[in-house]
Amino acid sequence: LKKSIAYTVSANIPELAPFLVFIVLGIPSALSTILILCIDLGTDMIPAISFAYESAEADIMERPPRNAKRDRMVNRALVSFAYFQLGVFQTVAGFFSFIVVFNDYSVIPSLLPGLDSSQ
């Protein structure tokens, strides 16, 4: 369950960052909101289903149950790993790809800020 939570939570930063960059810097969005939602649903379904069919841990029934007051499913280490390591890495990779594609179409990255303004 922790793997599934980490996978799902790590996608929040790369989905939110393009909107923040659009608002703050005026760099145009690569995808519309509907396309981002479709990609999100499409890419989250298959891994979520695969986690359900993952083989069980060998000694899971021999371990004592976790203390619900002390042992949390989502702890500081999981949030740190999901948001600040995986999320930032995915965000940087996405922006790098975005800039490379624009560069291939002869749009210099320095022209991107303010490109989406309606003036």
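Keep in mind it's a predicted model, so treat the numbers as computed, not measured.

## What to know about the overall build of the protein
No. 1: Assigned secondary structure in the protein consists of four helices and zero strands.
No. 2: Taken from N to C terminus, the helices and strands of the protein fall in the order α-α-α-α.
No. 3: Relative to its length of 119 residues, the protein is extended, with a C-alpha radius of gyration of 19 Å against a globular reference of 14 Å.
No. 4: Summarising its shape, the C-alpha atoms of the protein cover approximately 65 × 30 × 20 Å along the three principal directions.
No. 5: By residue count, 13% of the 119 residues in the protein fall in the buried class.
No. 6: Pairs at least 24 apart in sequence give 78% of the contacts found in the protein among residues at least 6 apart.
No. 7: Surface accessibility of the protein: about 9300 Å² in total, with carbon and sulfur atoms responsible for 68%.
No. 8: Computed over 8 positive and 10 negative side-chain charges, the inter-centroid distance for the protein is 17 Å.

## What about a nonpolar patch on the surface?
No. 1: There is a patch of nonpolar side chains on the surface, built from Leu37, Leu41, Met45, Ile46, Ile49 and Tyr53 and spanning about 710 Å² of accessible area.
No. 2: Among the secondary structure elements, Met45 is positioned in helix H3 (residues 33–52).

## Observations concerning the environment of Phe22
No. 1: Assignment of secondary structure puts Phe22 in helix H2 (residues 12–25).
No. 2: A sequence separation of 91 residues divides Phe22 from Pro113, and the C-alpha atoms of the two residues are 8.5 Å apart.

Each value, and the rule that gives it
Residues numbered from 1 in each chain as written. Predicted model: local features only at pLDDT ≥ 70, side-chain atom pairs only at ≥ 80, totals over all residues. Heavy atoms only, no water. Helix = DSSP H or I, 4+ residues; strand = E, 2+ residues; numbered from the N terminus. Rg over C-alpha atoms; globule rule 2.2 N^0.38 Å. Buried < 20%, exposed > 50% of the residue type's maximum accessible area, 1.4 Å probe, protein only. Contact = heavy atoms within 4.5 Å. Areas by Shrake-Rupley, 256 points an atom, 1.4 Å probe, with all protein chains shown as cover. Lys, Arg positive; Asp, Glu negative; His and termini not counted. Charge placed at Lys NZ, Arg CZ, Asp CG, Glu CD. Patch = residues over 30% accessible without salt bridge, like charges linked within 9 Å, V, L, I, M, F, W, Y side chains within 5 Å. Salt bridge = Lys/Arg side-chain N within 4 Å of Asp/Glu carboxyl O.

That is the geometry; function is a separate question.
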